[in-house]
Amino acid sequence: MRIKRLSTPFGHIEVLKNGVLVEFEIEQGSDQFEGYYLNDVTKLYPSGLYTIIIPIDRSAIGDTYNVRYSKGELNDDGGGENTRNAICELDGYVFGLGWADTEYIEDGYKFWYPELYNDRTRILPYSENGIIGSGIEFEIIPDAKYNDLDERIISQSKEIRIIAAWTSSDSPYAWNIISYVTC
């Protein structure tokens, strides 16, 4: 579904391209984790879990995308392998965003597939500029060439995917749930 604003119980999430509000796609759920395993028998789920998809195949070098929410300030939560995430507690909810760590991914490609860099310095066509207040900024960068690579890399190169999740701060293990599903 294409939207310009994703409403949450504590505010809304928007995407700006070069400072202008743009449409983005959302999917309910996540490609990675739907819940947090407390133990072998119990799995805890967030109240809200969405994947935000920003198509970038028509972007120009230097374009910036800012994924932001209307309140609060994100705090770096570290992330996981190939990912970064940020979390905050606001208005009775724990909220988090998770995204690809582009520098870590590029370093991995350089290490495991050095032959891919014979005629390029980058593979992914965007980099993340990190947490900026209440959002995350991404920038379309030069010298990314990916059309001759495998389908997984090509699909990563046509869109930016961000996980958005939240749950009541009164829920047991609220911070752990959001940290886990966004990393």
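Structure shown above.
This one's a predicted model, so the numbers in the text were calculated from it and none came from an experiment.

J.: Kindly report on the overall build of the chain, identifying the contributing residues and their values.
T.: Helices and strands together make up the secondary structure of the chain, namely three helices and 15 strands. Expected size for 183 residues packed as a compact globule is a radius of gyration near 16 Å; at 17 Å, the chain falls within 12% of this value. A principal-axis box enclosing the C-alpha atoms of the chain has dimensions of 50 × 40 × 25 Å. Sorting the 183 residues of the chain into buried and exposed places 48% on the buried side. Intrachain contacts of the chain at a sequence separation of at least 6 include 60% that bridge at least 24 residues. For the chain, the exposed area adds up to about 9,300 Å²; of that, 47% sits on carbon and sulfur atoms. Charge-centre separation for the chain: the mean point of 16 positive side chains lies 6 Å from the mean point of 30 negative side chains.

J.: A description of helix α3 (residues 174-182) should follow, citing residues and the corresponding values.
T.: Where α3 is concerned, the buried positions are A174, I177, I178, S179, V181 and T182. On its buried face, α3 is in contact with β6 (36-37), β7 (43-44), β8 (48-55), β11 (83-90), β12 (93-100) and β15 (159-168).

J.: An account of the pairing of β15 is needed here, citing residue identities and associated values.
T.: Burial within β15 is extensive, with seven of its ten residues counted as buried. One ladder, built from seven bridges, connects β12 with β15; its direction is antiparallel. Across the sheet, the residue bridging to F95 is W166, located in β15.

J.: Could you give me a rundown of the sheet that holds β12, with the residues and numbers involved?
T.: Across the sheet, which stays open at both edges, the seven strands sit in the order β1-β5-β8-β15-β12-β11-β10 with antiparallel pairing between neighbours. Looking at strand neighbours, the two that pair on one side only are β1 (2-3) and β10 (75-76), the edges of this open sheet. Bridge count between β8 and β15: eight bridges; the pairing is antiparallel. Along β15, the bridge assignment pairs L49 with A165.

J.: Explain the packing of aromatic side chains residue by residue, including any values.
T.: Inspection of the entire model under this criterion finds ten aromatic pairs. Aromatic side chains Y109 and Y113 sit 6.5 Å apart centroid to centroid with 50 degrees between the ring planes, which places their arrangement in the tilted category. Overall, Y109 belongs to the buried group, its relative accessible area being 6%.

J.: Run through the environment of Y36, naming residues and quoting values.
T.: Its place among the elements puts Y36 in strand β6. In this structure, the C-alpha to C-alpha distance between Y36 and I177, residues 141 residues apart in sequence, is 5.2 Å. Sequence-distant contacts of Y36, that is, excluding residues within four places in its chain, are made with T42, K43, L44, Y173, N176, I177 and Y180. Side-chain polar atoms of Y36 contact the side chain of N176, separated by 3.4 Å.

The rules we used
- Residues numbered from 1 in each chain as written.
- Predicted model: local features only at pLDDT ≥ 70, side-chain atom pairs only at ≥ 80, totals over all residues.
- Heavy atoms only, no water.
- Helix = DSSP H or I, 4+ residues; strand = E, 2+ residues; numbered from the N terminus.
- Rg over C-alpha atoms; globule rule 2.2 N^0.38 Å.
- Buried < 20%, exposed > 50% of the residue type's maximum accessible area, 1.4 Å probe, protein only.
- Contact = heavy atoms within 4.5 Å.
- Areas by Shrake-Rupley, 256 points an atom, 1.4 Å probe, with all protein chains shown as cover.
- Lys, Arg positive; Asp, Glu negative; His and termini not counted.
- Charge placed at Lys NZ, Arg CZ, Asp CG, Glu CD.
- Pairing = 2+ DSSP bridges.
- Phe/Tyr/Trp six-rings, centres within 6.5 Å; stacked < 30°, edge-to-face > 60°.
- Polar contact = N/O pair within 3.5 Å; in protein donor to acceptor, adjacent residues only side chain to side chain.

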